[in-house]
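Below are the chains, spelled out letter by letter.
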Amino acid sequence: MLRTRIITALILAPLTIAAIFLLPQGGYALFFWLIAAAGAYEWAGLAGLGSPRQRGAYLAVLALLCALAWWQPGIWTAVLWLAALFWVLAGLLVLRFPRGDALLARPGVVAAMGLLVAWSAWIALLEIRFRLQGAGWVLWLLLLVWGADIGAYFAGRAFGRHKLAPAVSPGKTWEGVVGGAFASVGLSAVGLWLLGELHPAWLLPVLLLVTVSIFGDLFGVFSNAIAG
C-alpha cells in the first residue's frame, strides 16, 4: 500500500503543480473538475448508484452545476457558505456517532451531499486560483493537506497507540493527528515563506484547517461504513 501511495504521489503531484501554474483558467478549471468528478464517481457508490449509467448521470449533474457556476460566478459565495454549513453538520455527525447515522442511510441525502462537496471544492479552488498570487495559494493549500495526510500516516504507523475515534475509524490515532499537524505546519510554513507571508499569526488558521481535514476524513470513513 505504501509503495502504491508513493508511486501515485510521484505521478500526480508534478501533474497537479504543473496544472496550477501553467494551465490557463479554462484548462485549470477542467483539470480540477476531472479530479472532482473522480471523487464524485466514488461517492455515487455510497449513494447506491452502482451502475455505470447511474454514475454517469450523477457526473452529468455535477457537470451542469459546475457549468452554471462557471458562467454565473456571482453564486460562488452562496455555494461556499452552504458548504461551510454542511461541514459543520458533518462534524456534528462524526462527534455524535453512532447517533444520527439514520440521516446517511438515505441515498438521496448522501447523493446530494456528494454533489455539494465536489461542487463547492471545485469552486473554492477556482476562487483561490483567480486571485492575486492565486497559484501560489492553491499550492500552499495542497501542501497543508498533503502534509497532514503524510504526517498522520507515518506517525500513526510508527507511534500510534491511542485511538482517535475507534467507533468511526479504528485505524486513526492521536499520535497520527499530532504527526500530521507537525508536518502540515512545516510544509505550509515553507509555502508561506515562498509567498512572502510567513508570520506566526498563520499558526492558528493552519491548525484549524488541519482539524477540518481530519473531520473531513472521518466523515468519509463514517459515510462509507454506514453505506456499506
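Residues numbered from 1 in each chain as written. Predicted model: local features only at pLDDT ≥ 70, side-chain atom pairs only at ≥ 80, totals over all residues. Heavy atoms only, no water.

**A word on the confidence of the model for the protein chain**
Using the following cut-off: Every residue is assigned a pLDDT by the predictor, reflecting its confidence on a scale from 0 to 100. To qualify as a helix, a DSSP run of H or I must reach at least 4 residues; to qualify as a strand, a run of E must reach at least 2; elements of each kind are numbered from the N terminus.
The predicted model of the protein chain averages 85 in pLDDT, with 86% of residues at 70 or higher. No element of the protein chain has a lower mean pLDDT than helix α8 (residues 203-227), at 72, and none a higher one than helix α3 (residues 52-71), at 96.

**Here we look at the packing of helix α2 (residues 25-46) against α3**
Here is the rule we go by: Every axis in this analysis is a line fitted to C-alpha atoms, fitted for helices over the stretch in contact. Angles between the N-to-C directions lie between 0 and 180 degrees. Two helices cross in a left-handed way if the nearer one is turned anticlockwise from the farther one by less than a right angle. They cross in a right-handed way if the turn is clockwise. What makes two residues a contact is simply this: any of their non-hydrogen atoms within 4.5 Å. Lys, Arg, Asp and Glu make up the charged group, whereas Ala, Val, Leu, Ile, Met, Phe, Trp, Tyr, Cys and Pro make up the nonpolar group; the residues left over, Gly among them, are polar.
At a minimum axis distance of 10 Å, the contact between α2 and α3 shows a crossing angle of 145°. Note that α2 runs across α3; the crossing there is right-handed. Listed contacts from α3 to Gln25, Gly26, Ala29, Trp33, Ala36, Ala37, Ala40, Tyr41, Glu42, Trp43, Ala44 and Gly45 of α2 are Arg55, Tyr58, Leu59, Leu62, Ala63, Cys66 and Trp70. Here the residues of the contact of α2 with α3 sort into 14 nonpolar, three polar and two charged.

**Considering the packing of aromatic side chains**
Selection rule: For this analysis, a ring pair means two rings from Phe, Tyr or Trp (six-membered ring only for Trp) whose centres lie within 6.5 Å, classed as stacked if their planes differ by under 30 degrees, edge-to-face if by over 60, and tilted for the remaining angles. Each residue's exposure class comes from its accessible area (1.4 Å probe, protein chains only) as a fraction of the maximum for that residue type: buried when under 20%, exposed when over 50%, partly exposed otherwise.
For the structure on display, the rule yields ten aromatic pairs. Measuring from centroid to centroid gives 6.3 Å for Tyr28 and Phe130, while their planes differ by 55°, and the two rings are tilted. Taken together, the residues span a long stretch of sequence, with Tyr28 in helix α2 and Phe130 in the loop between α5 (107-129) and α6 (134-159) at a distance of 102 residues. Look at Tyr28 and you get buried, because its relative accessible area is 0%. We classify Phe130 as partly exposed; its relative accessible area is 27%. Connected via pairs of aromatic rings, a cluster forms that spans Tyr28, Phe31, Phe32, Trp70, Trp76 and Phe130.

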